[in-house]
Amino acid sequence: MDLRSELLKSIWYGFTALDLERSGKVSKSQLKVLSHNLCTVLSIPHDPVALEEHFRDDDDGPVSSQGYMPYLNKYILDKVIEGSFIKENVDELCWTLTAKKNYQPDRSSSTILPDKDAFRLWCLFNFLSEDKYPLVMVPDEVEYLLKKVCMCMSIEFNCVELEDFFSQDSVQQSGITVWVFLEMMNSGKVTRGIDKSIISMAIEEVYREIVGDVLKEGYLWKKGQLRRNWKERWFTLRPSNLSYYTGEDRKDCQGNIALDGNCCVEDVDDGQILFGVSKWIKKAVLPDRDGKRCMFCLKTLSKTYEMSASDTKQRQEWTTAIQTAIRLHVEGKKSLHKDLKLKRREQREQREKRRQAKEEELQRLRALQEERERKLAELDLLKEAQKQAQSLLEQDEQRRRQQHEQLQRALEVQLREAEEARVSMQAEMALKEEEAERQRKRIQELEEMQKRLEEALQQEIKARLDEEAFRYAQAGLLAEEEEKMKALMALQEEQEEYILKTQREKQELKQEMEVKSRALDEAQRQLEEVRANRHRVDQDVVAAQRKLRQASTNVKHWNVQMNRLMRPIGPGEKRPSLGSSFSSFQIPTQRDPGLRLRRKSGSEDQDDESKENVDNRAGCELEKRHSHASNGEMDIP
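The numbering scheme is per chain: residues are counted from 1 as the chain's sequence reads. Only residues with pLDDT of at least 70 are given local features in this predicted model, and only at 80 or more are side-chain atom pairs given and counted; all residues enter the totals for whole chains, interfaces and linings. Only hydrogens and water are removed before side-chain values are computed, so all heavy atoms of the structure are retained for them.

Student: Tell me about helix α14 (residues 503-565), and name the residues and values.
Tutor: Put simply, DSSP marks the helices as runs of H or I at least four residues long and the strands as runs of E at least two long, and each gets a number from the N terminus on. A helix is expected to reach a length of 1.5 Å times the quantity of its residues less one. Between its first and last C-alpha atoms α14 spans 89 Å; for 63 residues at 1.5 Å apiece the expected length is 93 Å, and the two agree. Bend at a given residue is defined as the angle between two axes, one fitted to the seven residues that end at that position and one fitted to the seven that begin there. The largest bend in α14 is about 55°, located at Leu 509.

Shown next, in the form of structure tokens:
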């Protein structure tokens, strides 16, 4: 993984952080700020006009990541010079942009990592993630990173709690994102019960080892070149050099030893042969000097550096690490962990290929087994089918004989039944003709009955109209009576006022009171006349109700007669004689009281029409009293 790929991973997070609407596009103003900041941290000159010139033909709106990539490669990444900038500053810039949008942990929890540790884990995730976007890390790399952190904390990695998380299908197929990884670290499943300072030191150590390409760090005693005295220094080993500082804060660098193929290491180890990069060298037996027992030498073309470790184990670790650094430099590899990552990826691909090949082989064997079983089953089915076919042939032959005999017997039976059916059908046809004749006669009778019912209905409608006219006349009489009553009340009030006047006014108004009294008498006489008229109208209404009841009785009588005639005649039922069917039906004669009532009501209608103009006011009150009668709710005697 080259420098451009590493920078693109961090810049991708910065670009997606500016995409607030998650549409895959960022405005040009935001891209200008991002480009200016990238040029600043990458120590390259920034051309503010280049972005506008590059997107001159695209003025419609924001720019997508595919549209920004040519500008990023041409005007920024192509100008980057390795070693002229600090990559950690680029990572901090992109982390600041993306953390504001995506990293918002619950600060009240006691297991939340500090922002510095979260940033280092984000950098480690980018280093170990796959080279495809969106960036994800496969479960094997997650487990590798967690094991490194646990090793630095001197604890054993327990994957039982994370087994459910790693066993998910989505994690196994597509991996996890950095935000899911940080959420898992903040949950405390890995670092539960461990002090935060220890966790921070472990994350920093892993960060420096993997991202900073630090193969080994620690205190060693070094012998000076001029004064030849021993001083304790903090050494940092990288694939290209070995630097030493006054303290582990690495602020004051005292020297830098360049490592190449001409360097070699010598230590004291019972005279065994030590592998140098440039040649095989027999290890020199270095005697104890100045009380330094675990000494070793690093030889270059120009100088020999004498150093001493705290114990034999540390000396062995340092010599092995220096040899590894020299080997990487000779092989042209700039990072040990990049090489290890590629090897792990190749191993995963080989495992995946072996697994796929094994699955394909199993599927092929399974298919062959199924094919063999299918052919055996088909053979057994063919044998069974042959036996069944033979038995079916015999059964069919026997069945055909039986069916022939049964058909012959059935035809004979059907011929007899057809003859009998023909005779019975002729008898039924005769009965049907008689029944049809009876039905025609009944239909004629029903039509006559319908005409009579229509006449009765017309009479009922006429009676209702007469009743309505009487009600309107009664309403007018009642209104006139009410007006007379109001006038009478007014006269009484005026009379009472005149009574209360003084004796002197009685003499003057005596004549006027006599006039009022005569008027009062006249009004009372008129009131009596109105009441008499109302009484006559009431009698007329009663007569109209009587006629309506009689008409309703006639309608019900005709309905009963029609229902009797419409009863269907069942098969085989004897036809009733005409005399018996109409025994209960009698045509009303002239002596029928119903007819006399209708004639009487006709004569009374003529008299009422002559009195209509006189009695129209008295009908209003009568209409209110007999409102139920207008709705047909009257008792039929």
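Student: Now, about the packing of helix α6 (residues 115-128) against helix α11 (residues 196-210): what can you tell me, with residues and values included?
Tutor: Structural elements are reduced to axes, namely lines fitted to C-alpha atoms, with helices fitted over the stretch in contact, and the angle between N-to-C directions of any two is expressed from 0 to 180 degrees. Two numbers describe how α6 lies on α11: the axes approach to 10 Å, and their chain directions differ by 35°. Crossing hand, α6 versus α11: left-handed. Contacts between α6 and α11 involve Asp 117, Phe 119, Arg 120, Leu 121, Cys 123, Leu 124 and Phe 127 from the former and Ser 200, Ile 203, Glu 204, Val 206, Tyr 207 and Ile 210 from the latter. For the contact of α6 with α11, the per-class residue count stands at nine nonpolar, one polar and three charged. By definition, any crossing whose near helix is turned counterclockwise from its far helix by less than a right angle is left-handed, and any crossing with a clockwise turn is right-handed. The contact rule is simple, with two residues in contact once any of their heavy atoms fall within 4.5 Å. Each residue is assigned to one of three groups, with Ala, Val, Leu, Ile, Met, Phe, Trp, Tyr, Cys and Pro labelled nonpolar, Asp, Glu, Lys and Arg labelled charged, and all others, Gly among them, labelled polar.

Student: Residues and numbers for the pairing of strand β4 (residues 230-237), please.
Tutor: Type-normalised accessible area, obtained with a 1.4 Å probe on protein chains alone, sets the label of each residue: buried when under 20%, exposed when over 50%, and partly exposed for intermediate values. Within β4, six of the eight residues are buried, which leaves it mostly tucked inside the rest of the structure. When DSSP finds two or more bridges between a pair of strands, those strands are recorded as paired. With eight bridges joining them, strand β3 (residues 216-223) and β4 adopt antiparallel strand pairing. Residue pairing for β4: Gly 218 is matched across the bridge by Phe 235. Counting the residues between successive antiparallel strands, the hairpin from β4 to strand β5 (residues 241-245) contains three residues.

Student: So what's going on with the pattern of salt bridges? Residues and values would help.
Tutor: We count a salt bridge whenever a side-chain nitrogen from Lys or Arg sits within 4 Å of a carboxyl oxygen from Asp or Glu. Going through the model one piece at a time under the given rule, you end up with 45 salt bridges. The partner of Arg 534 in a salt bridge is Glu 481, and the shortest N-O contact between them spans 3.3 Å. Of this pair, Arg 534 sits in helix α14 while Glu 481 sits in helix α13 (residues 336-499), and the two are 53 residues apart along the sequence. By relative accessible area, which is 18% here, Arg 534 ends up buried. Connected through shared salt-bridge partners, Lys 9, Glu 130, Asp 131, Glu 141, Arg 344, Arg 345 and Arg 348 make up one network.

Student: Describe the packing of α13 against α14, and please don't skip the residues or the numbers.
Tutor: At a closest axis distance of 7 Å, the pairing of α13 and α14 adopts a crossing angle of 165°. Between α13 and α14, the angle is such that the two are roughly antiparallel. Both α13 and α14 take part in a crossing whose hand is left-handed. Of the residues that constitute the contact of α13 with α14, the class distribution is 26 nonpolar, eight polar and 19 charged. Throughout, the term roughly parallel applies to angles under 35 degrees, roughly antiparallel to angles over 145, roughly perpendicular to angles from 65 to 115, and oblique to all others.

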